[in-house]
Amino acid sequence: MSKVVDPEKREINFVEASASACPQAAYREILSGCPVGRFALTGAPVISRYEDVVWALRHPEIFSSAMDLQIALGTERPMIPQQIDPPEQTKYRKLLDPRFSKKRMMELEPAVRADANGLIDRFFDKGECEFDRDFAIPLPCNAFLHLMGLPPEELDTFLRMKDGIIRPHLTHEDMEAAQQYRIQTGKEIYAYFRDMIVLRRKEPKDDLMTYLVTCELQGRKLSENEIVDICFLFILAGLDTVTATLGCNVAYLAANPEQRRKLVADRGQIEGAVEELLRWETPVTAVPRLLKQDVTLNGLEMKEGELVTLLLGASNVDDEEFESAEDVDFARERNRHLAFGGGAHRCLGSHLARMELRVAMEVWHERIPDYEVKPGETPVYSPGIREVQYLPLVWPTGS
Ligand code: HEM
């Protein structure tokens with residue numbers, strides 16, 4: 001007779017798994033043992049099954065994104081459109097979606113390809129690099145500069161601002177000092193974009209900032225606050241996510257040479273590989289939501305006001321949705337993965353991200369088809385967003 005487990009006692013600990021090279025087995029254990037349960041460290045509800053996560057993502061009136069995360073993120077107001085709910089959020093998406101269409105993002109492809117080649121030129125002859133620092137971090141930041149119409153010299157400023165918000169502890173060990181630095185960086189980001197607004201109003205260009213200062217939302221121009229609240233989000237949502245995905249992909253291909261050889265032999269598989277690795281690795285492992293009403297799911301009673309975790313990483317290896325979910329198949333036919341989320345808040349930058357990932361994978365494997373993790377070294381993953389913070393690679397130089 002199977003033992004009946006009180007849903008309130010189903011404890012989930014996904015943080016450690018998300019920071020490992022292979023979290024999939026732990027996710028699958030969560031799916032089979034406790035698809036809905038409480039996070040072992042905080043007691044907050046965690047939802048894991050594909051069907052349940054999709055349902056939650058599609059009901060923002062119950063699972064709200066309007067959360068008070070200002071302290072954690074160094075912001076002064078909610079970021080637009082991620083921290084506001086429909087119908088308000090939908091208005092902004094209507095304004096932004098056309099600027100992030102597949103067609104528009106393709107226009108950036110030559111610049112991203114040149115950047116990828118330029119970065120590889122710097123270390124190619126050495127036969128080694130630290131992938132995160134030397135390639136995965138600068139590439140998306142450069143793409144963002146092209147999108148905003150900013151010169152490449154701004155790269156260091158953006159990297160510093162991004163890290164000042166996401167990982168202030170890198171430069172400030174003391175927790176209080178780190179938080180002060182985060183707040184100060186937040187102010188710097190607001191000031192940076194306010195200055196840029198003034199410049200583009202005076203001298204319009206063909207770039208995203210010019211669009212933001214000239215477009216109209218229901219017959220009126222966007223306010224300065226609205227524009228900086230959108231741009232702040234771009235820094236947090238559009239840089240580390242691509243960096244993390246690049247690291248996860250290349251770490252996977254370094255550890256699985258037979259899969260890598262398949263890609264090198266047939267570059268036509270790269271697009272499929274990008275999708276499949278987004279599913280398998282799910283670099284953004286989870287998204288938070290605030291409950292607007294009491295909900296009971298699979299026996300677990302969740303209360304209004306609770307902060308719920310939607311565990312995208314687990315949903316993406318759910319057998320109920322994916323055929324042979326534990327196989328990594330670059331030719332997978334039906335791949336409705338949730339790596340970009342879903343529902344109203346589905347990633348605004350998915351076409352940009354896909355283009356960057358495809359181009360990076362094409363250029364990297366043209367130039368460096370045969371590589372491995374430096375012998376004796378181990379890649380280091382971070383929890384939450386699975387950035388491979390340390391990925392030393394080596395390859396034959398032919399000399
Ligand atoms: C592979 C890279 C990326 C991944 C895995 C990713 C993942 C996600 C996920 C999971 C969400 C949903 C968040 C939620 O529901 O709370 C999201 C939203 C968002 N992403 Fe991305 N993202 C990526 C790249 C980008 C890029 C390049 C941009 C460029 C600006 C971007 C901009 C955004 C924005 C603005 C939102 C909020 C959309 C809204 O709330 O309406 N993302 N992303």
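Before any of the text, the structure's been laid out above.
Numbering of residues starts from 1 in every chain and runs along the sequence as written. Predicted model: local features are reported for residues with pLDDT of at least 70 only, side-chain atom pairs are reported and counted for 80 or more only, and whole-chain, interface and lining totals are derived from all residues. Each side-chain value is worked out from all heavy atoms of the structure, with water and hydrogens disregarded.

A few words on the nonpolar core. If you look at the biggest cluster of nonpolar residues, it comprises 103 residues, and the most contacted ones within it are F193 and W364. Two residues qualify as a contact provided that any one of their heavy atoms is within 4.5 Å of a heavy atom in the partner residue. The contacts of W364, once residues within four sequence positions are left out, are I120, F123, C129, F131, F135, P369, Y371, L393 and W395. By convention a nonpolar core is built from buried Ala, Val, Leu, Ile, Met, Phe, Trp, Tyr and Cys residues, the set being connected through side-chain atoms within 4.5 Å. Per-residue accessibility, obtained with a 1.4 Å probe over protein chains only, is compared with the maximum for each type, and a residue is labelled buried under 20%, exposed over 50%, and partly exposed between these values. Counting residues in hydrophobic clusters, the runner-up holds 21 residues, among them V36, V53, L57 and L338.

So, on to the sheet that holds strand β3 (residues 45-47). Strands are labelled as partners when DSSP assigns at least two bridges between them. Helix and strand assignments come from DSSP, with helices taken as H or I runs of at least 4 residues and strands as E runs of at least 2, each series counted from the N terminus. Pairing in this open sheet of 6 strands is mixed, and the strands run β1-β2-β3-β11-β8-β4 from one edge to the other. Of all strands in the sheet, those with a lone pairing partner are β1 (11-12) and β4 (63-64), marking the two edges. Relative to strand β11 (residues 307-310), β3 runs parallel, the two being bridged by 2 bridges. Counted as the bridge partner of V46 is T309 from β11. What counts as an axis is a line fitted to C-alpha atoms, over the stretch in contact for a helix, and the angles between N-to-C directions run from 0 to 180 degrees. Helix α3 (residues 50-57) contacts β2 (36-39), β3, β4, β8 (287-291) and β11 of the sheet and is inclined by roughly 130 degrees relative to β11.

This brings us to the layout of surface pockets. Residues are said to line a cavity or pocket when one of their atoms sits within 4 Å of a point; the points come from a 1 Å grid over protein atoms alone, cavities being sets where a 1.4 Å probe fits but cannot get out and pockets being open sets with protein on both sides within 12 Å along at least five of seven lines. Grid points are joined across faces, edges and corners, and a volume is the space filled by probe spheres set on the points. By volume, the second largest pocket amounts to about 260 Å³. Taken together, the elements giving at least two residues each to the lining of the second largest pocket come down to α6 (102-106), α16 (270-281) and α18 (350-367). Amino acid classes used here: Ala, Val, Leu, Ile, Met, Phe, Trp, Tyr, Cys and Pro are nonpolar; Asp, Glu, Lys and Arg are charged; the rest, including Gly, are polar. Classifying every residue of the lining of the second largest pocket by side-chain character gives 3 nonpolar, 2 polar and 5 charged.

What follows deals with the packing of helix α10 (residues 155-166) against helix α11 (residues 175-202). Each packed pair of helices is defined by two parameters, the angle between the axes and the distance between the axes. Contact geometry for α10 and α11: axes closest at 8 Å, N-to-C directions at 140 degrees. On the basis of their axis angle, the class for α10 and α11 is oblique. The two elements α10 and α11 meet at a crossing, and its hand is left-handed. Contact residues: α10 offers T157, F158, R160, M161, G164, I165 and I166, while α11 offers Y181, R182, T185, G186, E188, I189, Y192 and F193. Angle categories are assigned with fixed cut-offs, so that under 35 degrees is roughly parallel, over 145 is roughly antiparallel, 65 to 115 is roughly perpendicular, and the rest are oblique. Each crossing is labelled by how the near helix is turned from the far one, with a counterclockwise turn of less than a right angle marking it left-handed and a clockwise turn marking it right-handed.

Note on terminology: near, applied to a residue and a molecule or strand, indicates that one of the residue's heavy atoms is within 4 Å of it. Taken together, 26 residues form the shell around the ligand, and within it Q89, R93, R289, H345 and C347 come nearest. Any pair of N or O atoms that falls within 3.5 Å is considered a polar contact. Within protein, one atom must be able to donate a hydrogen and the other to accept it, and sequence-neighbouring residues count only if both atoms are side-chain atoms. Between an oxygen atom of the ligand and a side-chain N or O atom of Q89, the distance comes to 2.8 Å. Here A237 contributes a backbone N or O atom positioned 3.4 Å from a nitrogen atom of the ligand. Those elements that place two or more of their residues in the shell around the ligand are α5 (88-96), α13 (224-238), α14 (240-255), β8 and α18. Per-element accounting of the shell around the ligand gives the leading share, 4 residues, to α13. Of the residues belonging to the shell around the ligand, the class tally is 16 nonpolar, 8 polar and 2 charged.

In contact at an axis separation of 10 Å, α14 and α16 are set at 95 degrees when each is read in the N-to-C sense. If you check the angle between α14 and α16, you find them roughly perpendicular. For the pair α14 and α16, contact is made by T245, C248, N249, Y252 and L253 and by L277, L278, W280 and E281, respectively. Here the residues of the contact of α14 with α16 sort into 6 nonpolar, 2 polar and 1 charged.

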